Amino acid sequence: MSEQLIGAKSEVLFHFSIKLSDDSAADSTKVHNKPAKLFMGDGSLTENFEKCLLGLKAGDEKSFELEPEDAFGQPNPDNIYYVDRSKFGAETPAQVGSIIAFTQPDGTDLPGLIREVAGDSVTVDFNHPLAGQKVTFEVEILEVNN
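Keep in mind the model is a prediction, meaning the values are calculated, not measured.

### Focus: the sheet that holds strand S5 (residues 80–84)
Moving on, step 1. Strand order in the open sheet formed by 4 strands is S5-S8-S7-S6, and the pairing between neighbours is antiparallel. The outermost strands of the open sheet, each flanked by one partner alone, are S5 and strand S6 (99–103). Neighbour-to-neighbour, the strand axes of this sheet turn through a mean angle of 45°, independent of strand direction.
Moving on, step 2. Relative to strand S8 (residues 121–125), strand S7 (residues 109–118) is paired through 5 bridges, and the arrangement is antiparallel. Residue Ala118 lies in a different strand from S8, and its bridge partner there is Ser121.

Put into structure tokens, the structure is as follows:
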């Protein structure tokens, strides 16, 4: 049986760790030993991220650095909202640095980071927390199915 290489339509089971430019860990699937599953080409990862995985096989480990545009994007000013302080309560106080889940019209929750509280106005940032940052991904390929 030949080893399957990651191709444009592969299903990939892998562990990953994300490190910031200061070498601190931002996320890792190894913490809870729950690997990630990816369907190449499904749009869940950027094109350049997927290109870094092409040709790898089960057992391979690789580390690669991604610019913000290829990882979590640049912060978008349209994702910053100003919410009236009265929308917050005792269970979810408006405190700078807090991450609060806001229910969307479709019923899904979207996390927002409280950036500022000024009078009755609360600034909530819905950008990904790693937006604008260069990151290093370390991957360990566990399984490849074509």
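### Focus: the pairing of S8
In regular strands, side chains alternate between the two faces of the sheet.
Moving on, step 1. For S8, a buried count of 4 out of 5 residues is recorded, marking the element as mostly surrounded by other parts of the structure.
Moving on, step 2. Relative to S8, S5 runs antiparallel, the two being bridged by 5 bridges. Across the sheet, Tyr82 pairs through a bridge with Thr123, a residue of S8.
Moving on, step 3. In this structure, the hairpin formed by S7 and S8 is closed by a connection of 2 residues, where Gly119 is found at a positive phi of approximately 60°.

The rules behind each value
Residues numbered from 1 in each chain as written. Predicted model: local features only at pLDDT ≥ 70, side-chain atom pairs only at ≥ 80, totals over all residues. Heavy atoms only, no water. Pairing = 2+ DSSP bridges. Helix = DSSP H or I, 4+ residues; strand = E, 2+ residues; numbered from the N terminus. Axes fitted to C-alpha atoms, helices over the stretch in contact; angles between N-to-C directions. Buried < 20%, exposed > 50% of the residue type's maximum accessible area, 1.4 Å probe, protein only.

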